[in-house]
Structure formats: C-alpha cells, structure tokens
2 protein chains.
Amino acid sequence: MKKLINDPQRVVPESLRGFGLAHPEHVVVHEDPLFVSRAGGAVKGKVGLVSGGGSGHEPLHAGYVGAGMLDAAVPGAMFTSPTPEPILEATKAADGGAGVLHIVKNYTGDVLNFETAAELAEAEDITVKAVVVNDDVAVEDSLYTAGRRGVAGTVLVEKIAGAAAERGDDLDAVVAVAEKVIKNVRSMGVALTACTVPHAGKPSFDLADDEIEIGIGIHGEPGRHKIAMAGADEITERLLEPVLEDLKIGSGEKVLLFVNGMGGTPLSELYLVYNHAHDVLAGKGLEVTRSLVGNYITSLEMQGASITVLRLDEELTQLWDAPVNTPALRRGV
Amino acid sequence: MKKLINDPQRVVPESLRGFGLAHPEHVVVHEDPLFVSRAGGAVKGKVGLVSGGGSGHEPLHAGYVGAGMLDAAVPGAMFTSPTPEPILEATKAADGGAGVLHIVKNYTGDVLNFETAAELAEAEDITVKAVVVNDDVAVEDSLYTAGRRGVAGTVLVEKIAGAAAERGDDLDAVVAVAEKVIKNVRSMGVALTACTVPHAGKPSFDLADDEIEIGIGIHGEPGRHKIAMAGADEITERLLEPVLEDLKIGSGEKVLLFVNGMGGTPLSELYLVYNHAHDVLAGKGLEVTRSLVGNYITSLEMQGASITVLRLDEELTQLWDAPVNTPALRRGV
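As the structure is a prediction and not an experimental result, all values here were calculated from the model.

## Side note on the sheet that holds strand β10 (residues 254-261) of chain B
Residue and element names in this part refer to chain B.
Phase 1 of the analysis: The strand order β9-β8-β7-β12-β10-β11 describes an open sheet built from six strands, whose pairing is mixed. A single partner strand is all that each edge strand has here, and the edge strands are β9 (225-228) and β11 (287-294). Ignoring which end each strand starts from, the neighbouring axes of this sheet average 20° apart.
Phase 2 of the analysis: Alignment of strand β7 (residues 185-191) against strand β8 (residues 211-214), held across two bridges, turns out to be antiparallel. Pairing of V190 across the sheet is with I214, part of β8.
Phase 3 of the analysis: Lying on the sheet, helix α6 (residues 232-247) is in contact with β7, β8, β9 and β12 (304-312); it crosses β7 at an angle near 155°.

## Concerning the nonpolar core
Phase 1 of the analysis: Ranked by size, the top nonpolar core spans 105 residues in total, and within it L49, L101, I103, L156 and L310 of chain B carry the most contacts.
Phase 2 of the analysis: Every residue in contact with I103 of chain B, bar those within four places of it in the chain, is listed here: L49, V50, S51, G52, L70, V131, V133, T154, V157, E158 and A161 of chain B.
Phase 3 of the analysis: Counting 103 residues, the second largest nonpolar core, distinct from the first, contains F19, L34, I297 and L300 of chain A.

## Focus on the domain arrangement of chain A
Size of an interface, as often reported, equals the accessible area lost when the parts are brought together.
Residues and elements named next belong to chain A.
Phase 1 of the analysis: Each assigned domain of chain A is listed with its residue range as follows: domain 1 (11-183) and domain 2 (185-328).
Phase 2 of the analysis: Inter-centroid distance (C-alpha atoms) of domain 1 to domain 2 is 22 Å.
Phase 3 of the analysis: Residue-level contacts link 46 residues of domain 1 with 46 residues of domain 2.
Phase 4 of the analysis: Here domain 1 meets domain 2 over a buried area of about 3900 Å², counting both sides, of which 66% is carbon and sulfur.

## What to know about the confidence of the model for chain A
Phase 1 of the analysis: Scored by pLDDT, chain A has a mean of 97; 100% of the residues are at 70 or more.
Phase 2 of the analysis: Under the prediction, the complex receives an ipTM of 0.97, its pTM being 0.98.

## Details of the packing of aromatic side chains
Phase 1 of the analysis: Under the counting rule described, the total for this entry stands at four aromatic pairs over all chains.
Phase 2 of the analysis: Ring geometry for Y271 of chain A and F19 of chain B: centres 5.2 Å apart, planes at 85°, overall edge-to-face. Of the two residues, Y271 of chain A sits in helix α7 (residues 267-283) while F19 of chain B sits in helix α1 (residues 11-22), which places them in two different chains.
Phase 3 of the analysis: Ring centres of F258 of chain B and Y296 of chain B lie 5.9 Å apart, and the angle between their planes is 70°; on these two criteria the pair is classed as edge-to-face. In this pair, F258 of chain B is assigned in strand β10 and Y296 of chain B in the loop between β11 and β12, connecting sequence segments 38 residues apart. Y296 of chain B matches F258 of chain B in its accessibility class, with the two residues each being buried.
Phase 4 of the analysis: Taking the ring centre of W320 of chain A as reference, the NZ or CZ of R331 of chain A above it sits at 4.9 Å.

## Digging into the interface of chain B and chain A
Phase 1 of the analysis: The partner chain A presents 56 residues to the 56 residues of chain B that form the contact.
Phase 2 of the analysis: Carbon and sulfur atoms make up 57% of the area that chain B and chain A hide from each other, which totals about 4600 Å².
Phase 3 of the analysis: Looking at the side of chain B facing chain A, the largest losses of area belong to K2, L4 and Y271 of chain B, adding up to 20% of the total buried there.
Phase 4 of the analysis: For E269 of chain A, the salt bridge is made with K3 of chain B, and the minimal N-O distance between the two is 3.8 Å.
Phase 5 of the analysis: Inspection of the chain B/chain A interface yields 26 residue pairs in polar contact (both at pLDDT 80 or more).
Phase 6 of the analysis: Contributions of two or more residues to the side of chain B that touches chain A are made by α1, β8, α6, α7 (267-283), β11, β12 and β14 (330-331) of chain B.
Phase 7 of the analysis: With 10 residues, the top contributor of residues to the side of chain B that touches chain A is α7 of chain B.

## As for helix α3 (residues 108-123) of chain B
Phase 1 of the analysis: Between the first and last C-alpha of α3 of chain B there are 23 Å, a value that for 16 residues agrees with the 22 Å anticipated at 1.5 Å per step.
Phase 2 of the analysis: Of the surrounding secondary structure, the elements contacted by the buried residues of α3 of chain B are β3 (48-55), α2 (84-94), β5 (100-105) and β6 (128-133) of chain B.

## Considering helix α4 (residues 153-166) of chain B
Residue and element names in this part refer to chain B.
Phase 1 of the analysis: Compared with the 20 Å implied by 1.5 Å per residue over 14 residues, the 20 Å span of α4 between its first and last C-alpha is a close match.
Phase 2 of the analysis: Burial analysis of α4 places 13 of its 14 residues in the buried class, the great majority of the element.
Phase 3 of the analysis: Looking one or two residues beyond α4, the residue adopting positive phi is G168, at roughly 110°.

## Overview of the relation of the copies chain B and chain A
Phase 1 of the analysis: Placing chain B over chain A gives an RMSD of 0.0 Å and needs a rotation angle of 180°, together with 0.0 Å of translation along the axis. On the angle and the small slide along the axis, the relation comes out as a two-fold axis. Across chain B, the rotation axis passes nearest the C-alpha of G264 of chain B, at a separation of 2.0 Å.
Phase 2 of the analysis: In this assembly, 100% of the residues forming the interface of chain B have copies in chain A that are likewise at the interface, indicating an isologous arrangement.

## Some details on the pairing of strand β8 (residues 211-214) of chain A
Phase 1 of the analysis: Two elements, β8 of chain A and strand β9 (residues 225-228) of chain A, share four bridges in a ladder whose sense is antiparallel. The residue of β9 of chain A that forms the bridge with I212 of chain A is I227 of chain A.

## A few points about the packing of helix α2 (residues 84-94) of chain A against helix α3 (residues 108-123) of chain A
Residues and elements named next belong to chain A.
Phase 1 of the analysis: Where α2 contacts α3, the two axes come as close as 8 Å, and the packing angle between them is 50°. For the element pair α2 / α3, the angle class is oblique. Relative to α3, the crossing made by α2 is right-handed. Along the contact surface, α2 presents P84, I87, L88 and T91, while α3 presents N113, F114, T116, A117, L120 and A121.
Phase 2 of the analysis: When grouped by side-chain class, the residues that make up the contact of α2 with α3 number seven nonpolar, three polar and no charged.

## Some points on the environment of V259 of chain B
Residue and element names in this part refer to chain B.
Phase 1 of the analysis: Relative to the elements of secondary structure, V259 occurs in strand β10.
Phase 2 of the analysis: Separated by 23 residues in the primary sequence, V259 and T236 have C-alpha atoms spaced 10.0 Å apart.
Phase 3 of the analysis: Among all residues touching V259, those that are not within four sequence positions of it are L270, V273, Y274, L292, V293, G294 and S306.

## Quick notes on unusual backbone geometry
Phase 1 of the analysis: Geometrically, the link from D32 of chain A to P33 of chain A is a cis peptide bond, its omega value of 0° lying close to zero.
Phase 2 of the analysis: Residue L60 of chain B is joined to H61 of chain B through a cis peptide bond whose omega torsion reads -10°.
Phase 3 of the analysis: The backbone of F79 of chain A sits at a positive phi, close to 55°, despite the residue not being glycine.
Phase 4 of the analysis: Mapped onto the elements of the fold, F79 of chain A is located in the loop between β4 (72-78) and α2.

Conventions adopted
Counting starts from 1 at the beginning of each chain's written sequence and moves along it residue by residue. Chains and ligands are labelled by the order in which they are written, letters from A for the one and numbers from 1 for the other. Under the rules for a predicted model, residues below a pLDDT of 70 receive no local features and side-chain atom pairs below 80 are neither given nor counted, while totals for whole chains, interfaces and linings still include all residues. Each side-chain value is derived from all of the structure's non-hydrogen atoms; neither hydrogens nor water enter the calculation. Criterion used throughout: strands pair if DSSP finds at least two bridges between them. Secondary structure elements follow DSSP: runs of H or I no shorter than four residues count as helices, runs of E no shorter than two count as strands, and numbering proceeds from the N terminus. Every axis in this analysis is a line fitted to C-alpha atoms, fitted for helices over the stretch in contact. Angles between the N-to-C directions lie between 0 and 180 degrees. Two residues form a contact once any of their heavy atoms are found within 4.5 Å. For the purposes of this section, nonpolar cores are sets of buried Ala, Val, Leu, Ile, Met, Phe, Trp, Tyr and Cys residues that join through side-chain atoms within 4.5 Å. Accessibility here uses a 1.4 Å probe with only protein chains present; expressed as a share of the type maximum, an area under 20% marks a residue as buried, one over 50% as exposed, and anything in between as partly exposed. An automatic or database domain assignment provides the domain bounds reported here. Buried area is calculated as the accessible area (1.4 Å probe) missing from two parts once they are joined, with the contributions of both summed. A score between 0 and 100, pLDDT records how confident the predictor is in each residue. What counts as a ring pair is set by centres within 6.5 Å for rings of Phe, Tyr and Trp (its six-membered ring), and what kind of pair is set by the plane angle: stacked under 30 degrees, edge-to-face over 60, tilted for all other angles. Whether a charge sits over a ring depends on NZ of Lys or CZ of Arg being within 6 Å of the ring centre and within 35 degrees of the ring normal. For this analysis, a salt bridge means a side-chain nitrogen from Lys or Arg found within 4 Å of a carboxyl oxygen belonging to Asp or Glu. Contacts described as polar in this section are N or O atom pairs within 3.5 Å, which, within protein, must combine one atom able to donate a hydrogen with one able to accept it, while residues neighboring in sequence count only if both atoms come from side chains. A helix is expected to span 1.5 Å for every residue after the first. Copies overlap after least-squares fitting; the atoms used are the C-alpha atoms of residues with pLDDT of at least 70 in both. The labels follow the angle: roughly parallel below 35 degrees, roughly antiparallel above 145, roughly perpendicular from 65 to 115, and oblique for the rest. For any helix crossing, the convention is left-handed if the near helix is rotated counterclockwise from the far helix by under a right angle, and right-handed if that rotation is clockwise. Just so you know the grouping, Ala, Val, Leu, Ile, Met, Phe, Trp, Tyr, Cys and Pro go in nonpolar, Asp, Glu, Lys and Arg go in charged, and all remaining residues, Gly too, go in polar.

Encoded structure:
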C-alpha cells in the first residue's frame, strides 16, 4: 500500500486539520468530536443543512460546507458512519433557529446514527427533518443498505437544497425541494480498479486485469456484474441505460448531466465519457442544459466513474444556478 | 492498461469535444487545428494570454480558459508539444489588438514551437511576447529540457498574469507580472506510481512496490532519487526543503502554499500533506496567507503530489484574489 499518509489510524483527523488550515474563510474544523461547520457559525433564521458519512469520498461532504450549500458536515472514519455524538454537535452548530435538515445517504449505519442524533437534537429543542438519498440504480439492496444506495446524486441534493435554504425557504419547503431532487435523480457507476482503505492495507475487492465492475458502490460494494474491459462508449451506455430507464424520462425533457470521477481517473477520461453520454441523451431527444464533470464524490484512489442524470424543471435549474461558495464548489460569488 | 477510452489515438479530441459540450459558457473547442478559445472571442483592447503543451495534465491548460485567466489553450497529443500551427491559430483567436502573451512551460519542444508560432503571428502583425516557466527545483537539466522544468507554478502564472491582463495592464506590464511570479515560485513533486500514456500502453517508468521517486517530472521524467516509501510528513519535508532553500525565503514573509495532486491521489492525502507543509512553514516564521489544494496540473492517473510555494507581495496577492471564471478555477464571480 502506497499512500501519502503517516499513521493509517490518523488519516482523517490529520487531513481535516489541513483542510481547516487551507480554508479558514469557509470552515472551522472541530476536533473532538470531529465535525466541520461554516466559518462564522449558523445563519440566524436560515434552515441549517447537515450531511455526513464515512470518510474516503472527499470532497464530499466537508468540501461542500459554505454559503449556498451545507452548514456542517460530519466525517466518520474511513468508509464508516459517524456516530450520533458528532452529528448532534454538527446539528447544534448548524441551527439558526429555523430547524435543521439532515441529508443522509442510504446506508444502514448512516440512517440509524442520523436518526439517533435527530432524537437527541429534538430533546434540545432543535427541529430536525431528514431526507435519505438513494439514487444508485445498480442494485436494490446491498452490502450496507436496505434499498438503494445513495451516491453522486447526494452532491446535487446538497447544492439544490442548500440554495433553497439560502433563499429563505422554511424547513418543510427545503425538505420538499430535497425530495424533489431525490425523486428526479439517478446514478450508476463503474470501477476499473479497487481502492485500499488505509487501516485495512489491502484492496477492498478483487478485479482481474481485464475486467471491470458495472454498478459498483462507492465503498467497493458489489455491483450488477463484472464484465471484460470494454471501450468507454460501451461502458457509458451500460451505465446510462438503467439510469434513463429508471427515471422514465422522455424526449423534450431537460437534464443535468453529471460525470463523476471515483478519485483515480484522469479528468480527460471523465470528459471523454461525458462526450458520449451527451450524444446518447441528445439522441433520445433530451436536452442537456446543465453539467458537472470532475471528482465530486470519490472512493479514495479507485479508478472509475459514475454517471448521474437529474431531470430539471425551472425551479431546480434556478436553484442549481444560485451562487455557492464552498471549498469544492464555487460559482456566482 | 485499463482506461475509460475508446481508441488510444483519439483520447485527446474525444475528451476535448466533451469538454466543449460541458462548458459552452466558457469555451469553444476548435477541432482542426485543435485548440480552445474563450466563448465570446478575444476581448478588444485586452492583452491576450495563450498557453499550451502536451495533453495529460488536465485541467491544465484548457480548464483555465475564461475570464481572468487564459484566452486560449493549445493541447498537444499526450505528453507531446503542440505544433506551431494550432499555437498560431490560438494566438490569432486570443488577439484583442493589445498583443498576446505566450505562457510556456520550459520543455524544449514547447519552447521551440511557441517561438515558431510567435514568428508566424508577428508576420501577421500580432505582437507576441513569451515567458517561460521553470519552477521545478528537482533537477537542473532533464530528459526534455535545458534548464529547469515548468510544473505547477504555471497555474499560478496563468492566474496572476490573467488578472493583470483583465485589469487592463499593457503587454509589457503583463510580462512583468508573469516574470515576477516566475521569479518567486518554486515547486517539487513526488511519484508513488507511474502513469500510462494511452498510445504507449505501458507505464512510463518503473517504481518498485516499496519505493517512490522524489523530484519526479510531470511526464515521469527522472527526479533526484528513488527512496523507500516513507511517511507523508517526511516526504513533505523532502519536497519543501529544496523549494524553500532555492527561494531564499525568510521569516516574516508571506506565501501562497499550493499542494497539487498528480491525478490519482485522494484529496484527503493532499490535505494531509498540506497540513504538515503548513506547520513546517509556520515553524520557519513564514505566514501562509493563501492556499490551493487539489488536482490542478496532473500526470494522467499518476499517484503523487507536488508542493509549490509562491512568495507573495501585496500586488501578487490582489491579483491572486481577483475574480476568475474558468471551468477548473472559479472564484469571486
């Protein structure tokens, strides 16, 4: 295992300390319990947004703390849910008096721990609601979930719900916007190589030199099937077809097309995938009006990509376009 | 070789086509000859900025085309200098009547082809000046250079000179700003793994499972020495010390600290390197007032990182902070 680390057990806190030093204008990193909140604290009267989950998916979630997106993020250990305590502290830090929304990826540990934290926060008179993101069409149940996994669609939920909170929507309205995104977003990914969790010291799963895994999870959980290495256009189609089928999307609709890198794939390959995905969508009469390409939710150094399609209407488009000012996503500010 | 590509010979044009489709508000991709220019064309009365070089370092350079940075970029084949013809066309596209600056990384092929293109442009009555970036302190001469290589400092030259052009500086003044950055920026990198150029089909160089290369070039050119795999703090010190020594920088000075990923390294590891680099600088009495962390100049899927330090004064800080609106770097707009 070759990694730029010191102690496998200290990767998350040492990395987050550096993150805090690099972005003092955006975030404050709290060390015990470990969570990240906005520099300047909660915004009075604004609905607070909190997300979190296992580390190893950077820039998700801490990279999205800032104006127009999250108020706090809770990084767990690598690929491991954060416990209720830091989620509670993050919820308190995010509370501006208008309630707090928990944005939770659908993994059993995350769901349970966020629920517990929400109960603890309610006991301290903070109103908490939660949405669960489950955009991955690859498998119905999986290693760590009942139901579908939450993957790259989470970034879009955080951005768009964040914009709704920033414009002054109340908690129910922000929940409604988040649910609207969840209802209209689908994703599927592929792994070319496995990744290695530092404290495990060996690859999370096996892939032969000539095979890839279609429908991979962001922790290397099994997908739909392993296939022989194929060309990018064929892989793109294999990811996009189930996404479109599940979205039941038709000619004339507008979409956001998001090609996400798993961490170890060159940006040039992501754009190459985007190129063909755009053509496939155009061929079906869909109009790609917004796009996102890059490493936004990763699996350490895994090589691979995911494709996400979000059906857009006017409201979602406006909220997507709204200013955002975070370490990992900045626009219009 | 596992890559998200179709034909190894078509990676660059297919990827750039996708890049153009994803960023129509920022860029226009010209296919023959291949170059990228700002959407909306040259800005009348503004000095035009053009950079370019071999592909495989994305988002460099095309990702930096847009307001506040480059006016055009010329991607060559993978790790191969672009020929004079597309450089000439990019220069013409960037010319707003106030002259054009070529920002060239110090590689023999790049320097020669940009020189030839400049002569051709002068014959068409476009005034061209060039600066050569040579920030890599690892080796004096190398596989592809006489003198030092140009690496991550190039991103800072493009950003800061771009801001000078945007505020209305004339060509000589933009050259002076670019030279000031070049004089005050130094870098050094490390490779944990080699990368594979698609049309070569095998890794560019060999590294054993337990060794890393200190002072690696962005094309996998030999660095200073191979050493046994070490902890991140030790590697950070080995990169930072020659950088600081060469900069002759002393206590009380302000710097921008830039930790760049080579393409295949998780963001968490880059922040972990940043964490210790920040401490080392603080320990020497230097003040880190600006920072940049991420994959800004890469070597395909190479695992590794580079550390860049730029000595800041008030002018460079202001120009660094100026708005920029490109696909890969966005701030203040």
